[in-house]
Amino acid sequence: MVRLSTFLTVVLSAVSAVAIRLPAPSGPHTVGTHIYTFTDTSRAESHNTTQRRKILAQYFYPTSRTYSSSASTYRYAPPAALRALETNYGLPSGLLSPISTNSHYEPHLAHSRKLQAALIFSPGFGNSRVIYTSLLEDLASHGYLVVSLDHPYDSLLTEFPDGTSIATAVPSPETDAVIHHYLDIRTADILYVASRLPRSQRIGVFGHSLGGAAAARAIAANPQRFSGGLNMDGRLFQTPAVNLQTPFLLLGRQLANRTGDDKIASWSAFREVQACFANEISLKKFQHGTFTDFPAIVELLSIPKSADIEALLGTVDGMRSQVILRKLLAAFWGFTLGGKNPGAVAAERKDLPEVVFEGDVDTKRCGGKSGY
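The text that follows walks through the structure, step by step, so that each part is easy to find. Being a predicted model, the structure only gives us computed values, none of them experimental. (Residues numbered from 1 in each chain as written. Predicted model: local features only at pLDDT ≥ 70, side-chain atom pairs only at ≥ 80, totals over all residues. Heavy atoms only, no water.)

This part covers the side chain of Arg326. Here Arg326 is to be found in helix α9 (residues 318-336). A polar atom in the side chain of Arg326 sits 3.0 Å from the side chain of Ser134. Ignoring sequence-local partners within four residues, the contact set of Arg326 consists of Pro23, Ala24, Pro25, Ser26, Ser134, Leu135 and Asp138. (Helix = DSSP H or I, 4+ residues; strand = E, 2+ residues; numbered from the N terminus. Polar contact = N/O pair within 3.5 Å; in protein donor to acceptor, adjacent residues only side chain to side chain. Contact = heavy atoms within 4.5 Å.)

Right, let's talk about the nonpolar core for a bit. Note that soluble globular proteins tend to have their nonpolar side chains buried in a common cluster. Phe206, Leu251, Ile281, Leu283 and Trp333 are the most contacted members of the largest nonpolar core, which totals 63 residues. With 8 residues, α9 is the largest single contributor of residues to this core. Apart from residues lying up to four places away in sequence, Ile281 is in contact with Leu249, Leu250, Leu251, Gly252, Leu328, Val345, Val355, Val356 and Phe357. Listed in part, the 39 residues of the second largest apolar core include Val170, Phe226, Phe248 and Leu250. (Core = buried A, V, L, I, M, F, W, Y, C linked by side-chain atoms within 4.5 Å. Buried < 20%, exposed > 50% of the residue type's maximum accessible area, 1.4 Å probe, protein only.)

So, about the packing of helix α3 (residues 133-141) against α9. Packing of α3 against α9 brings their axes to within 10 Å, and their N-to-C directions diverge by 40 degrees. Judged on the interaxial angle alone, α9 and α3 are oblique. Viewed along their axes, α3 and α9 form a crossing whose handedness is right-handed. Packed against α3, whose contacting residues are Ser134, Leu135, Asp138 and Leu139, the element α9 presents Gln322, Leu325, Arg326, Leu329 and Trp333 at the interface. Within the contact of α3 with α9, the residues separate by chemical class into 5 nonpolar, 2 polar and 2 charged. (Axes fitted to C-alpha atoms, helices over the stretch in contact; angles between N-to-C directions. Parallel < 35°, antiparallel > 145°, perpendicular 65-115°, else oblique. Left-handed = near helix turned anticlockwise from the far one by under 90°. Nonpolar A, V, L, I, M, F, W, Y, C, P; charged D, E, K, R; others polar.)

Moving on to the packing of aromatic side chains. Evaluated as defined, the whole model comprises 15 aromatic pairs. Aromatic pair Phe277 and Phe332: ring centres 5.7 Å apart, planes at 40 degrees, arrangement tilted. Of this pair, Phe277 sits in the loop between α6 (262-272) and β13 (280-283) while Phe332 sits in helix α9, and the two are 55 residues apart along the sequence. Comparing Phe277 with Phe332 shows no difference in burial state: the two are buried. One residue, Lys54, lies across the ring of Phe160, its end atom 4.1 Å from the ring centre. Over the ring of Trp267 we find Lys263, and its NZ or CZ is 4.8 Å from the ring centre. (Phe/Tyr/Trp six-rings, centres within 6.5 Å; stacked < 30°, edge-to-face > 60°. Lys NZ or Arg CZ within 6 Å of the ring centre and 35° of its normal.)

The next point concerns the pairing of strand β12 (residues 248-253). Burial runs high along β12: 6 of the 6 residues are buried. By the bridge criterion, 4 bridges tie strand β11 (residues 228-232) to β12 in an arrangement that is parallel. Among the inter-strand pairings, Met232 is bridged to a residue of β12, identified as Leu251. Relative to β13, β12 runs parallel, the two sharing 4 bridges. Bridging across to β13, Gly252 finds its partner in Ser282. (Pairing = 2+ DSSP bridges.)

This is how it looks when you write it as structure tokens:
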């Protein structure tokens, strides 16, 4: 199981904190954000059976409010979550504190419920939703409601609006049994959140690493509720080899040798049984950590690339990685949730030489479901 673990203390120990803002969203809409806690009363917490299951969600959405250019934007993460991120990745204390997002915090969600298309996002195993903020607020700037989840006891640290927090309880070693346990919980979390969104909303689901596997499993469990799915560089643990009857994109780092790789084997088995759009795309110069905010943050802080950083974040430029991911996700969700041409994903190749389609390019549509 590939995880983002201890960052590069030696390389970054001399880096001082400076005020930066995440890359500006590429869409036409101003982005609002809101933190919300779901409580699934039908499930007990696996680590505390006296409590009902709680799920933290951060909403990103195109806001109807007008903000001046001088208006402050929302912080990158609340205090305890920031400290946990810096400790986990070996970052100097306070390095992430001056980072701001491009989203404006709003006290209610009334406007977001009127949007026709929603995306549910699940982060990598043991990771925080926070480190994917740039990609998620970009999607919101294109008109989507994005619901980004922290899975308590799995995510690095889940800090709730009332100030209480739950640290990760993932044991070591991370055996397949451990991973399957948390995958079951993530899948149930996604299904519950989807059940709480308006029935009129078309829903896509995606994630990084184990979050991508959870996205596929959620669709398999309730294919009529989801209009599409996407997996960013995650092995499809326990994903049934069944036709999901919905478009699904597999987006991963390019491997020098695909033979014998567990992730590629799971992807190949998955693709063989899909009757709908099911492309697999490899990205040159990417690594597992390239799908997070860190490549852009490293570049914004003018941190020199070392072999250790490249092993984690890839050799692609930080801002370039954001452009690539934003274009591919916008094209895929535009097709899946917006009714656009499925060939739009393949069309991005002309401007993105880093993109490699593995096998034949798939431009099939699926019929009989809302959103097509």
